[in-house]
Amino acid sequence: MRGIIGEQMKKHVRKYYVASAVSLITLAVYFSVLQNDFVTWDDNEYVLENPFIRSFDVVFFKRAFLGFFAHNWHPLTWISHAVDYAVWGLNPLGHHLTSIVLHALNAFLVVFLVTRLIEAFKERMTQGSPVPFLNERGMLIAAGTTGLLFGLHPLHVESVAWVAERKDLLCALFFLLSIISYTKYVGSQKSEDRRQKSDESNPQSAIRNAKRNGFTLLFFILALLSKPMAVTLPVVLLILDWHPFNRIWSVKTFRTAMVEKVPFFALSLASSIVTILAQGASGAIQSTGYSPLSTRLFVASTALMAYLGKMLLPLTLVPYYPYPESGPLVSLEHIASIVLVAGVTAVCVIVAKKQKLWLSAWGYYAVTLLPVIGIVQVGLQAMADRYTYLPSLGPFLVAGLGAAWVWNKAHTLKKPGPPLKLLGVAAACIVLLLSYATVKQTGVWKNGIVLWSSVIEKYPTVRFAYNNRGMAYDKMGLFDRAIKDFDTAIALDPRDSEAYSNRGMLFGKTGQFDRAIEDLEKAIALNPSPAAVYNSRNTLGAVYAEAGLVDKAFEQFNKAILLNQGQAMAYNNRGLLFVMTGDKEHAALDYRKACDLGDDNGCNALHELMRGGVHSP
């Protein structure tokens, strides 16, 4: 008995050794990210210019849980950024450090999860034919390979090196923990059923199993609070129930599994509704006028196969893949993608009677991609590397099992030494190549200029890229280059209100007030959405103030505050204007409001006024 227990302990220790090694290698490869800066793409909205992450108070938590910000509802992500700001301030090193630690932890969990899934599969196979290549060594090879692919593949750089994509890492962390918890629930359920020889109708058994499944539900909730992409988890659990857990083999068992997942589906539905409301309110969801449903289906099928191609050969990774321009409704590329998707699905269904792995892995991959595949089009991109962060686990697991199978075949040869050495060298080369590609890809995210220059090099007609690079040049004080990029963005799209707004802001900064006013008024006319008008009116007010047109400046700030009373910028700007006109009492009122909204600048300005003898309102 002691020998059996001791061997079981050694197996557990070896599993943790492999997971820890994968995690540490991942951490080491991503260490170069610590040299990167923030980028001019959502990082300003999430961190640099976000006053709400700068204090843990009632206003912050109310905003995080009850408000829509940055086109999304993900309160746990805001809490994560707030913690980083409390520790690191606006030092990008600390924010990047948190991200790479989370990614390394996720790689650890991937190894642990794969071993649990293989153990569950082996337990089911004890009643049938054993699988020789999934002995302990094979299991560790499969799990380690899957973990290394997940941790080192350059396709995941976007999720790790981009601070604003912290939500990917947090969501995956709790998504993986939820599945791991579910494997424990399934295992304990089977053990109890064997021990008590009872079924699910036993009330005490049902209560105990519900408690064990509580952690699965809790981690699922935390995943949803990080990013709504986790809504697919209930379907993923059903796929696992079918294979490898073998809990679904008939209509009756499927019905039982579905009833068990009702709370999960209810939460998924609620999260989906909230997400649609959040993204719809901000105008992020594109109408069918922008891209008809037929086009979306073609693009979705193309992306489904393109992601697999990038997992196999990650040679053409770009931070931004523009939506295809209007052209022929049916193209050879679209038809080929649809045929491939249909063909792969058909083959997986056909072989499922003998080998369920393929359909299970393909189903996981397709289902987890479904929220971001473009059927509901959010944003202007056709696809994005970050969307593969969780879905890639399916193909990577198949690759890991393939590595274990090849190793076992080589090990059973009459002279296994040379083939095993050759396989070891090949594995080391693949790890080195992936590491090199990942380090190179992290360099693309070094700063906004490098990032958008790489997009422009690949897609020179994307006005979005010129606009964002222009903002990066502006931050660095390279005003001539910034104006040139804004000019290019406007030339590519004369209705680009954001480019007009950015160029107008820059004209105001360089004292060209007439041109600034002209551009900002043009921006307001082109995009009447509340958020865009709010920003433009604030900028226009600042330009009027710089030009000495105080009354017009007040008019713009007042209009901005009417548009959005929950933003601090207009209160700060109007407070400064009150100071300029000598009305420090009203300035203190505006600074107090900005401070209450969580803005440090408002708090500091109010403190300075109080030091000058003005009473706190």
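Details of the overall build of the protein chain
Counting its regular elements, the protein chain contains 27 helices and two strands. Classification of the 617 residues of the protein chain by burial places 51% in the buried group. For the protein chain, long-range pairs separated by at least 24 residues make up 71% of all intrachain contacts whose partners lie at least 6 apart in sequence. Accessible area for the protein chain stands at about 29000 Å²; split by element, carbon and sulfur atoms hold 65% of it.

Details of the confidence of the model for the protein chain
Put simply, the protein chain has an average pLDDT of 85, and 87% of its residues get 70 or more. Here helix α27 (residues 600-611) stands out as the element of the protein chain with the lowest mean pLDDT, 77, in contrast to helix α7 (residues 157-161), whose mean of 97 is the highest. This stretch, residues 197-201, has a pLDDT under 50; its non-local contacts, to residues over four places away or in other chains, come to eight contacts.

Focus on the packing of helix α26 (residues 584-596) against α27
Packed helix pairs are specified by the crossing angle of their axes together with the interaxial distance, meaning the distance between the axes. The interhelical angle for the contact between α26 and α27, taken along N-to-C directions, is 145°, at an axis separation of 7 Å. With respect to the hand of their crossing, α26 and α27 are arranged in left-handed fashion. In this structure, α26 contributes K584, A587, A588, Y591, R592, A594 and C595 to the contact, and α27 contributes G602, C603, A605, L606 and L609. Along the lines of polarity and charge, the residues of the contact of α26 with α27 split into nine nonpolar, one polar and two charged.

A word on a nonpolar patch on the surface
A cluster of nonpolar side chains, contributed by F56, F61, F65, L66, V83, V87, W88 and L93, occupies part of the molecular surface with about 720 Å² of accessible area. Every element with two or more residues in the nonpolar patch is listed here: α3 (58-66) and α4 (75-88). Checked against the element boundaries, L93 lands in helix α5 (residues 92-125).

Here we look at the environment of T488
Examined against the element boundaries, T488 turns out to sit in helix α20 (residues 479-492). Sequence spacing of T488 and V462 is 26 residues, and the spatial spacing of their C-alpha atoms is 9.8 Å.

A short note on the packing of aromatic side chains
A complete count under the given rule lists 21 aromatic pairs for this structure. The interplanar angle of 5° and the centroid separation of 6.3 Å between the aromatic rings of W41 and W445 together place this pair among those described as stacked. Residue W41 is found in the loop between α1 (2-29) and α2 (43-48), and its partner W445 is found in the loop between α17 (417-444) and α18 (448-458); the two are separated by 404 residues along the sequence. Of the two residues examined, W41 and W445, each falls in the buried class. Measuring from ring centre to ring centre gives 5.3 Å for W452 and F464, while their planes differ by 85°; the resulting arrangement is edge-to-face. With W452 in helix α18 and F464 in helix α19 (residues 463-475), this pair connects stretches of sequence that are twelve residues apart. The same class applies to W452 as to F464, namely buried. One aromatic cluster is present, formed by W41, W162, Y320, W445, W452 and F464 through successive ring pairs.

Here's the deal with empty space enclosed by the protein
Per the stated rule, a full pass over the model turns up two cavities of 30 Å³ or more. Class assignment of the residues belonging to the lining of the largest cavity gives a composition of six nonpolar, one polar and one charged. The calculated volume of the second largest cavity comes to roughly 50 Å³. Taken together, K167, D168, C171, A172, K227, M229, R386, Y387, T388, Y389, L390 and P391 make up the full set of residues lining the second largest cavity.

About the cut-offs
- Residues numbered from 1 in each chain as written.
- Predicted model: local features only at pLDDT ≥ 70, side-chain atom pairs only at ≥ 80, totals over all residues.
- Heavy atoms only, no water.
- Helix = DSSP H or I, 4+ residues; strand = E, 2+ residues; numbered from the N terminus.
- Buried < 20%, exposed > 50% of the residue type's maximum accessible area, 1.4 Å probe, protein only.
- Contact = heavy atoms within 4.5 Å.
- Areas by Shrake-Rupley, 256 points an atom, 1.4 Å probe, with all protein chains shown as cover.
- pLDDT = per-residue confidence, 0-100.
- Axes fitted to C-alpha atoms, helices over the stretch in contact; angles between N-to-C directions.
- Left-handed = near helix turned anticlockwise from the far one by under 90°.
- Nonpolar A, V, L, I, M, F, W, Y, C, P; charged D, E, K, R; others polar.
- Patch = residues over 30% accessible without salt bridge, like charges linked within 9 Å, V, L, I, M, F, W, Y side chains within 5 Å.
- Salt bridge = Lys/Arg side-chain N within 4 Å of Asp/Glu carboxyl O.
- Phe/Tyr/Trp six-rings, centres within 6.5 Å; stacked < 30°, edge-to-face > 60°.
- 1 Å grid on protein atoms, 1.4 Å probe; cavity = no way out; pocket = protein on both sides within 12 Å on 5 of 7 lines; lining within 4 Å.
- Points joined across faces, edges and corners; volume = space filled by probe spheres on them.

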